[in-house]
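Tertiary structure, described
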Amino acid sequence: MANILVVDDDREIAGAIEIYLKNEGYSVTKAYDGFDALEAVRNNDIDLILMDIMMPRLDGIQATMKIREELNIPIIMLSARSEDYDKITGLNVGADDYITKPFNPLELIARVRSQLRRYKMLGSAVEMNDEHIYRSGGLVIDDKAKTVVLDGEAISVTPTEYGILKLLTENAGQVFSIDQIYEAVWKEEAYSAENTVAVHIRRIREKLEIDPKNPRYLKVVWGVGYKIEKIGGKK
């Protein structure tokens with residue numbers, strides 16, 4: 001059964017979550033701030049993290065950013081705040097889901113099960129062994145099946161949108177100019193390609209991003225071009 005790391009500076013809340021999870025058969029490791037969480041991840045086999053945002057020493061946002069530099073394991077953010085800004089910030093730094101406190105224990109367990117199921121289906125074992133799979137965070141491109149999956153959900157894209165996504169995700173972290181994107185996808189010399197590429201980029205963002213104006217995956221590097229953010233993994 002999965003081992004879940006619960007990170008919350010409120011020990012009563014952490015203890016309550018531990019009870020909920022153990023009642024479902026999960027193993028639980030607890031930490032009470034971001035630094036403790038980083039140490040727990042280094043010293044234990046963790047399958048999923050429940051991460052509070054507001055904590056002393058190192059908060060949940062900073063801890064998530066550091067964990068995402070090395071690991072793809074699911075992270076669900078917990079916060080007493082309900083503002084969209086906090087949710088978007090958490091997702092942008094690499095969280096997979098977000099729950100506002102106080103929460104229904106049944107909802108918490110359902111979210112945990114969902115993230116573990118997606119990770120098992122789309123996780124690092126498949127990613128490392130399948131040469132046609134390209135991944136950044138929850139974005140997965142299967143070039144054999146020609147499919148795009150985001151957080152376990154299939155995304156419908158046009159062939160041109162697929163070509164752009166494959167190029168950028170296969171080379172996650174690398175910036176491509178508009179002309180490079182056009183020539184790689186359209187297979188012809190770029191000429192006044194800016195508007196054409198920009199339209200497709202906007203449509204892709206509308207399909208992938210929770211907040212297209214503050215994207216997590218498809219980012220612009222002003223004056224240079226576009227890239228898919230490299231979020232965990234080696235592909």
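See above for the structure.
In this report, we go over the structure that sits alongside the text. (Residues numbered from 1 in each chain as written. Predicted model: local features only at pLDDT ≥ 70, side-chain atom pairs only at ≥ 80, totals over all residues. Heavy atoms only, no water.)

**Describing the nonpolar core**
Across soluble globular proteins, you tend to see nonpolar side chains buried next to one another. The cut-off we apply is this: We call a set of buried Ala, Val, Leu, Ile, Met, Phe, Trp, Tyr and Cys residues a nonpolar core when their side-chain atoms join them within 4.5 Å. Type-normalised accessible area, obtained with a 1.4 Å probe on protein chains alone, sets the label of each residue: buried when under 20%, exposed when over 50%, and partly exposed for intermediate values. Put simply, DSSP H or I for four residues or longer makes a helix, DSSP E for two residues or longer makes a strand, and each gets a number counted from the N terminus. In this description, contact between two residues means that some pair of their heavy atoms is separated by no more than 4.5 Å.
Core analysis: the largest hydrophobic core is formed by 28 residues, its most contacted members being Leu 139, Leu 165, Ile 181, Val 197 and Ile 228. Put simply, the parts of the chain that give this core at least two residues each are strand E7 (139–142), strand E8 (147–150), helix H7 (159–170), helix H8 (178–186), helix H9 (194–208) and strand E11 (225–228). Take this core: its biggest share by element is five residues, from H7. With residues near it in sequence (within four places) discarded, Leu 165 still touches Leu 139, Ile 141, Val 148, Val 157, Glu 170, Ile 204, Leu 208 and Ile 228. Val 7, Leu 38, Met 55 and Ile 73 belong to the second largest nonpolar core, which has 23 residues in total.

**Brief notes about the side chain of Asp 143**
Put simply, the rule reads: As used in this structure description, the phrase polar contact means that two N or O atoms lie within 3.5 Å; if the pair is within protein, one of them must be able to donate a hydrogen and the other to accept it, and residues adjacent in sequence are counted only when both atoms belong to side chains.
With respect to the helices, strands and loops of the structure, Asp 143 is situated in the loop between E7 and E8. The buried category is assigned to Asp 143, whose relative accessible area is 18%. At 2.6 Å, the side chain of Asp 143 forms a polar contact with the side chain of Tyr 162. Excluding residues that lie within four positions of it along the chain, Asp 143 makes contacts with His 132, Tyr 134, Tyr 162 and Lys 166.

**Details of the pairing of strand E6 (residues 133–136)**
Applicable threshold: In this analysis, strands are considered paired if DSSP registers two or more bridges between them.
Residues Ile 133 and Arg 135 of E6 are buried on one face, and the alternating residues Tyr 134 and Ser 136, pointing to the opposite face, are buried as well. Relative to E7, E6 runs antiparallel, the two being bridged by four bridges. Residue Arg 135 lies in a different strand from E7, and its bridge partner there is Val 140. Between E6 and the antiparallel strand that follows it, E7, lie two residues; Gly 137 among them carries a positive phi value of about 60°.

**Some remarks on the sheet that holds E7**
Selection criterion: Angles here are taken between N-to-C directions and fall from 0 to 180 degrees, while the axes themselves are lines fitted to C-alpha atoms, restricted in helices to the stretch in contact.
If you trace the four strands from one edge of the open sheet to the other, you get E6-E7-E8-E9, paired in antiparallel fashion. The open sheet is flanked by E6 and strand E9 (153–155), the only strands paired with a single partner. Pairwise comparison of adjacent strand axes, ignoring direction, gives a mean angle of 25° for this sheet. In the packing of H7 onto the sheet, contacts are made with E6, E7 and E8, and the angle to E7 comes to roughly 110°.

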